[in-house]
Amino acid sequence: MFVRLLIFLIIGMVVYRAAKTWFGGATQRQVGRPGNLPQRADDALVQDPQCGVYLTRSDGIALNIDGQVLYFCSEACKEKYLAGKTDSV
Ligand SMILES: [Zn+2]
């Protein structure tokens, strides 16, 4: 009797582990690989309006113009953009 109980226990554990692995795999497939998760808002790509380079928001130099935030790759680009803007206006 004790042996049957032991076998049941082992089968239960194996089934539990298999189910866990299966469900874990299914969940992973739904969400995607951890390295491939959607980027955080701070890491979203933005374009430098001056030179056209793409950079992440956290890397860029932010400039708030009329409530719109622009991101530049460098101070030089930011100044050039500001200079161009004031020249055209
Ligand atoms: Zn630039």
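Engineer: A description of the coordination of the zinc ion should follow, citing residues and the corresponding values.
Structural biologist: At 1.9 to 2.2 Å from the zinc ion lie its protein donor atoms, namely Asp-48 (OD), Cys-51 (SG), Cys-73 (SG) and Cys-77 (SG). Looking at Cys-51, the relative accessible area reads 40%, which means it is partly exposed.

Engineer: An account of the pattern of salt bridges is needed here, citing residue identities and associated values.
Structural biologist: The final tally for this structure, using the stated rule, is 1 salt bridge. The residue Glu-75 makes a salt bridge to Lys-78 at a minimum N-O spacing of 3.9 Å. Of this pair, Glu-75 and Lys-78 both sit in helix H2 (residues 75–88), 3 residues apart, roughly one helical turn. Residue class for Glu-75 comes out partly exposed when judged on its relative accessible area of 42%. Taking relative accessible area as the criterion, Lys-78 reaches 17% and is therefore assigned buried.

Engineer: Give me a nonpolar patch on the surface: which residues, what numbers.
Structural biologist: On the surface, Phe-2, Leu-5, Leu-6, Leu-9, Ile-10 and Val-14 cluster together into a nonpolar patch covering about 640 Å² of accessible area. Mapping Val-14 onto the fold places it in helix H1 (residues 2–31). Exposure remark for Val-14: the relative accessible area of 53% places this residue in the exposed category.

Engineer: Can you break down the packing of aromatic side chains residue by residue, with the values?
Structural biologist: Summed over the entire model, instances satisfying the criterion amount to 1 aromatic pair. Arranged with centres 5.2 Å apart and planes meeting at 55°, the rings of Phe-72 and Tyr-81 form a pair that is tilted.

About the thresholds
- Position numbers for residues start from 1 in each chain and track the written sequence from start to end.
- The model is predicted, so local features are restricted to residues of pLDDT at least 70 and side-chain atom pairs to those at 80 or more, both for listing and for counting; the totals for chains, interfaces and linings are taken over all residues.
- With hydrogens and water set aside, each side-chain value is computed from the structure's full complement of heavy atoms.
- Counted as donors are the N, O and S atoms within 2.8 Å of the metal, or 3.2 Å for Na, K and Ca, while water is not among the atoms, so some sites may look incomplete.
- Here the term buried applies to any residue with accessible area under 20% of the maximum for its type, exposed to any over 50%, and partly exposed to those in between, with areas from a 1.4 Å probe on protein chains only.
- By salt bridge we mean one thing: a side-chain nitrogen of Lys or Arg within 4 Å of a carboxyl oxygen of Asp or Glu.
- Strands here mean DSSP runs of E at least two residues long; helices mean DSSP runs of H or I at least four residues long; both are numbered from the N terminus.
- Only residues whose relative accessible area exceeds 30% and that form no salt bridge enter a patch; like-charged residues are grouped when within 9 Å of one another, and nonpolar side chains (Val, Leu, Ile, Met, Phe, Trp, Tyr) when within 5 Å.
- For accessible areas, the Shrake-Rupley method is used with a probe of radius 1.4 Å. Any residue's cover is judged against the shown protein chains and nothing else.
- For Phe, Tyr and Trp, rings pair up if their centres lie within 6.5 Å, where Trp contributes its six-membered ring, and each pair is then called stacked (planes under 30 degrees apart), edge-to-face (over 60) or tilted (otherwise).

Interpretation note: all reported values are geometric properties and have no functional meaning in isolation.
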